[in-house]
Amino acid sequence: MTVPATPLFGLYGAPPAGLAAWPDEAVQFSPLVPGSAALEDQPDASLAGMVMLAPPGTIERRHALALALRALVPDAPVTVLAPKDKGGARLCKDLEAFGCTVGEDARRHHRICSLLRPAVPTGLDEAIAAGAPRVVEPIGLWSQPGIFAWDRIDPGSALLMAHLPPLAGRGADLGAGFGVLARAVLASSEVSGLTLVDLDRRALSAARRNIQDSRASFLWTDLRQPVPGLSGVDFVVSNPPFHDGGAEDRALGQVFVRQAASMLRRGGRLFLVANRHLPYEAVLDAAFRTVTAKAEQGGYKVYEAAR
């Protein structure tokens, strides 16, 4: 094993200002930050320290913690924090299970754990394996804990697929996840190309394994930012998220609607599924020439909108 002469400092996610400190040159490792490095690929004992905003899901959180501890040099300083109601209450016990001696603080509704990486952590391999990519047998697709609806077909996506007409031309799947909608779209031989767009690197990695089709391309980006190079498409499909960091964010799905409108050619169509309570009608009416409600079932509604 070759250890860098000057080990890097790691950062995972975006901890709230004032709750932790890290150097400006810290390397970002969150799979939800486009362009970040992959913590699972980081060599053992190559990081001099880490600050982590821990993920909320238990399997995902323990997986990320184990990857970080594996990548850190012994006695490296580590700060891990999470909101109390999104994993923070379990954080200290998670770290102690890896053999860490933890100091714990509570500020601004967060639990903050400070420690030095133990010389010989315990249980890392098991936690890494538990959170790794795998084929989910009931659906026969690659996925990974932490991805949206990682071990099932989301009922909203299922409803949208049931009401999709055969599509043609070039399109985009916004918030594509591990490729469930994209597989349905590409069943049409008239589709010439489909760009799968998602914020989660892990989801796109799984989608690449699930979709062995030369017509598919993959774009890791945040749709809250401009998306150059994706315009003039014939159709967009989307089951947009409405949570950010575990908290409901109704504006997020509205961003997806506006992005879809900006990508479509004149006459192009958006096929959208949303939870019934989400206020998308006004933004759809403002961005599209016609809007048609196609279905409503099980707390979800499907729209077709023409540019």
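Residues numbered from 1 in each chain as written. Predicted model: local features only at pLDDT ≥ 70, side-chain atom pairs only at ≥ 80, totals over all residues. Heavy atoms only, no water.

A closer look at the layout of surface pockets
Part 1 of the reasoning: Taken as a whole, the second largest pocket holds about 190 Å³ of empty space.
Part 2 of the reasoning: The element that contributes the greatest number of residues to the lining of the second largest pocket is helix H6 (residues 201–210), accounting for five residues.
Part 3 of the reasoning: Considering only residue class, the lining of the second largest pocket consists of five nonpolar, four polar and five charged. (1 Å grid on protein atoms, 1.4 Å probe; cavity = no way out; pocket = protein on both sides within 12 Å on 5 of 7 lines; lining within 4 Å. Points joined across faces, edges and corners; volume = space filled by probe spheres on them. Helix = DSSP H or I, 4+ residues; strand = E, 2+ residues; numbered from the N terminus. Nonpolar A, V, L, I, M, F, W, Y, C, P; charged D, E, K, R; others polar.)

With respect to the state of the cysteines
Part 1 of the reasoning: Under the defined criterion, the tally for this structure stands at zero disulfides.
Part 2 of the reasoning: Here Cys92 is not cross-linked by a disulfide; its sulfur's nearest cysteine counterpart is in Cys113, at 5.0 Å.
Part 3 of the reasoning: What makes Cys92 buried here is its relative accessible area of 12%. (Disulfide = S-S within 2.5 Å. Buried < 20%, exposed > 50% of the residue type's maximum accessible area, 1.4 Å probe, protein only.)

A short note on the side chain of His110
Part 1 of the reasoning: Relative to the helices and strands, His110 resides in strand S6 (residues 110–116).
Part 2 of the reasoning: There is a polar contact of 2.9 Å between the side chain of His110 and the backbone oxygen of Arg108.
Part 3 of the reasoning: Discounting residues that sit within four places of it in the chain, His110 has contacts with Pro16, Leu19, Leu81, Ala82, Pro83, Lys84 and Asp105. (Polar contact = N/O pair within 3.5 Å; in protein donor to acceptor, adjacent residues only side chain to side chain. Contact = heavy atoms within 4.5 Å.)

Notes on the sheet that holds strand S10 (residues 191–198)
Part 1 of the reasoning: Spatially, S11-S10-S9-S12-S15-S17-S16 is the arrangement adopted by the seven strands of the open sheet, whose pairing is mixed. Of all the strands in the sheet, the pair left with one neighbour each is strand S11 (216–220) and strand S16 (290–297). Across this sheet, the average inter-strand angle for adjacent strands is 15°, counted without regard to direction.
Part 2 of the reasoning: When strand S9 (residues 169–174) meets S10, the two strands line up parallel, connected through six bridges. (Pairing = 2+ DSSP bridges. Axes fitted to C-alpha atoms, helices over the stretch in contact; angles between N-to-C directions.)

Notes on empty space enclosed by the protein
Think of a ball as big as a water molecule: rolled over the atoms, this probe shows where empty space is left.
Part 1 of the reasoning: Summed over all chains, the structure comprises one cavity of 30 Å³ or more.
Part 2 of the reasoning: Space inside the largest cavity adds up to approximately 110 Å³.
Part 3 of the reasoning: If you go around the largest cavity, the residues you meet are Tyr12, Phe29, Pro31, Leu39, Glu40, Glu60, His63, Ala64, Leu67, Gln144, Arg201 and Arg202.
Part 4 of the reasoning: Among the secondary structure elements, those contributing two or more residues to the lining of the largest cavity are helix H1 (58–71) and H6.
Part 5 of the reasoning: Of all the elements, H1 adds the most residues to the lining of the largest cavity, at four residues.

Let's talk about the environment of Asn239
Part 1 of the reasoning: With respect to the helices and strands, the residue Asn239 is situated in the loop between strand S12 (233–238) and strand S13 (243–244).
Part 2 of the reasoning: Filtering out sequence-adjacent residues up to four positions away, Asn239 remains in contact with Phe148, Asp154, Gly156, Ser157, Leu174, Gly175, Leu181 and Val273.
Part 3 of the reasoning: In terms of polar contacts, Asn239 uses its side chain to reach the side chain of Asp154, at 2.8 Å.
Part 4 of the reasoning: At a separation of 2.9 Å, a polar atom in the side chain of Asn239 contacts the side chain of Ser157.

What to know about H1
Part 1 of the reasoning: When the terminal C-alpha atoms of H1 are compared, their 20 Å separation across 14 residues agrees well with the 20 Å that a helix rising 1.5 Å per residue should span.
Part 2 of the reasoning: Counting buried residues along H1, ten of its 14 residues qualify, which places the element largely inside the surrounding structure.
Part 3 of the reasoning: Among the residues of H1, those classed as buried are Glu60, Arg61, His63, Ala64, Leu65, Ala66, Leu67, Ala68, Leu69 and Ala71. (Expected span 1.5 Å × (residues − 1).)

As for the pattern of salt bridges
Part 1 of the reasoning: Overall, the coordinates contain 17 salt bridges when judged by the stated rule.
Part 2 of the reasoning: For Asp94, the salt bridge goes to Arg62, with nearest N and O atoms at 3.9 Å. Here Asp94, found in helix H2 (residues 84–97), pairs with Arg62, found in helix H1; they are 32 residues apart in sequence, far enough to count as distant.
Part 3 of the reasoning: Judged by relative accessible area, Asp94 falls into the buried class, the value being 2%.
Part 4 of the reasoning: Of the charged contacts, one joins Arg107 and Asp105 as a salt bridge, the two residues approaching to 3.1 Å between their closest N and O atoms.
Part 5 of the reasoning: In this structure Arg107 comes out as partly exposed when scored by relative accessible area, which is 35%.
Part 6 of the reasoning: Linked through salt bridges whose partners overlap, the residues forming this network are Glu60, Asp200 and Arg202. (Salt bridge = Lys/Arg side-chain N within 4 Å of Asp/Glu carboxyl O.)

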